Structure formats: C-alpha cells, structure tokens
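Here are the chains, one letter per residue:
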Amino acid sequence: WCPHCVKGRGTGLQHRRTTEEDRVPIFGFDYLLGTHIIENGQQEEVKILAAKCQLTKCVFAHAVPQKGLDPELYAVNRLKRDVLWLGHNKIVLKSDNERAILALLRTTLKALRVEQLENTQEAHPAAYDSSSNATTESTCKLVAGMIRTVKSCLEDRIKKRIPVSHCLFYWMVEHAAWLVATRTTQSDGITAH
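Below or above, wherever it landed, is the structure these notes cover.

Conventions adopted
- Residues numbered from 1 in each chain as written.
- Predicted model: local features only at pLDDT ≥ 70, side-chain atom pairs only at ≥ 80, totals over all residues.
- Heavy atoms only, no water.
- Helix = DSSP H or I, 4+ residues; strand = E, 2+ residues; numbered from the N terminus.
- Buried < 20%, exposed > 50% of the residue type's maximum accessible area, 1.4 Å probe, protein only.
- Areas by Shrake-Rupley, 256 points an atom, 1.4 Å probe, with all protein chains shown as cover.
- Lys, Arg positive; Asp, Glu negative; His and termini not counted.
- Salt bridge = Lys/Arg side-chain N within 4 Å of Asp/Glu carboxyl O.
- Polar contact = N/O pair within 3.5 Å; in protein donor to acceptor, adjacent residues only side chain to side chain.
- Expected span 1.5 Å × (residues − 1).

### Re the overall build of the chain
Turning to step 1, where the next piece is worked out: A count of helical and extended segments in the chain gives five helices and five strands.
Turning to step 2, where the next piece is worked out: Along the chain, helices (α) and strands (β) appear in the sequence α-β-β-β-α-β-α-β-α-α when read from the amino end.
Turning to step 3, where the next piece is worked out: A total of 193 residues make up the chain; the buried ones form 39% of that total.
Turning to step 4, where the next piece is worked out: Summed over its atoms, the accessible surface of the chain is roughly 12,300 Å², and 53% of this surface lies on carbon and sulfur atoms.

### Topic: unusual backbone geometry
Turning to step 1, where the next piece is worked out: The residue Leu73 is not glycine, and still its phi comes out positive at about 55°.
Turning to step 2, where the next piece is worked out: Here Leu73 is to be found in the loop between strand S3 (59-64) and helix H2 (74-86).
Turning to step 3, where the next piece is worked out: In the Ramachandran plot, Lys159 falls in the positive-phi region, its phi being about 60° despite a non-glycine side chain.
Turning to step 4, where the next piece is worked out: Judged by its relative accessible area of 64%, Lys159 falls in the exposed class.

### Points about the environment of Lys141
Turning to step 1, where the next piece is worked out: Relative to the elements of secondary structure, Lys141 occurs in helix H4 (residues 134-158).
Turning to step 2, where the next piece is worked out: Distance in space between the C-alpha atoms of Lys141 and Leu32 is 8.4 Å, their sequence separation being 109 residues.

### A word on the side chain of Asp70
Turning to step 1, where the next piece is worked out: By the element assignment, Asp70 lies in the loop between S3 and H2.
Turning to step 2, where the next piece is worked out: We note that Asp70 is buried and unpaired, the nearest opposite charge coming from Arg78 at a distance of 9.4 Å.
Turning to step 3, where the next piece is worked out: A distance of 2.9 Å separates a polar atom in the side chain of Asp70 from the backbone nitrogen of Tyr74.

### Some remarks on helix H3 (residues 99-114)
Turning to step 1, where the next piece is worked out: Look at H3: 23 Å from first C-alpha to last across 16 residues, which is about the 22 Å you get at 1.5 Å a residue.
Turning to step 2, where the next piece is worked out: Taken as a whole, H3 has its buried residues at Ile101, Leu102, Leu104, Leu105, Thr108, Leu109, Ala111 and Leu112.

Rendered as structure tokens:
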C-alpha cells in the first residue's frame, strides 16, 4: 500500500494481538436494544444484556426487564449465575460508565462476594473512548445478529411474527448466545464451549 494513501485515508492504527495473557479474566457486559416495528407504527422494545468472558470467549445474553437494577434483581442473578458457571476464582467485571450499568455492576460484585468469590474487581473503559470496550461492543453486535437470524428463520418456518414481548423471544436471546459460544470457531480452531 502507498504510505501516503494509508496516512490520508486509513481508518486507524492496526490492532495487533498481544501474546501475553491477562492473569485475571475479564468479564465484560453491556446492553443492546432489541426493537421491532409493528404494523400500526408503534415500536416494541426489549433490553438485552450481552456478556463475554475474554479469557474463555464464552458468550451470554439475557433479555432483562429494564436497564439497571430491577426490583427482583433478575439481571444481577443472571450475571452472577454466568460468572459462577465459568468457575473462575478471580474475575474482573467490566462495563461502560453509564449510570444504569454501573449500578448493575456494583450490585453484581456484592452478590458475587456473598457467594464467597472474594477476588472480584471492577474495570471501566476510558471516558469517551469507544475502542477501549471494543470486545464487549463486538460481542453485542455478534449476539444481535444471531438473534435476528434465529428470529427470522423461526418466523419463516411457522409463518407468524414473534413479538419481542413473547416468552419465546426471551428464550431466543439466550439460545442465540449459546449458538455463538458453541458454534463459532475461534482463531485456534476450537469453540468457546
């Protein structure tokens, strides 16, 4: 490539893979918004919490009642269950700096410490730097694409539209994350599962 073309029209610096591994696994999570336009012009939406362990590459997703803390602490219990399932004795929970997700992160940390997982920490990307949370953002895109694929395929097969408020959609969200974790081959040739 011409060095002048690269300098003038390049989209950014290349991201080289580091050879050293983190000693403590990072479990990043963020929200994505599932939206679907219905016939009369109204919009249905559901909040989806997507998470990924950066060490094992295992992906999780859950449709949650709201951003932040819900009265039954459903999102906290889902994240706690996911982290405990991974089996790490040390972990860093990472989220962006949005107020709602910070409350979720801190409450999940407390819940994990109650479960005798004492060595838990929190981490946040630098403010206004989207590239520092790129792994979680790409996970959200990957999960959203798989949810759309599964939903479209099922709607085509049953010849009916599935609203995002239906319990089947909530199952689809978790199933899509399971498909990503068990069917997506990593660069080393194996799946996260």
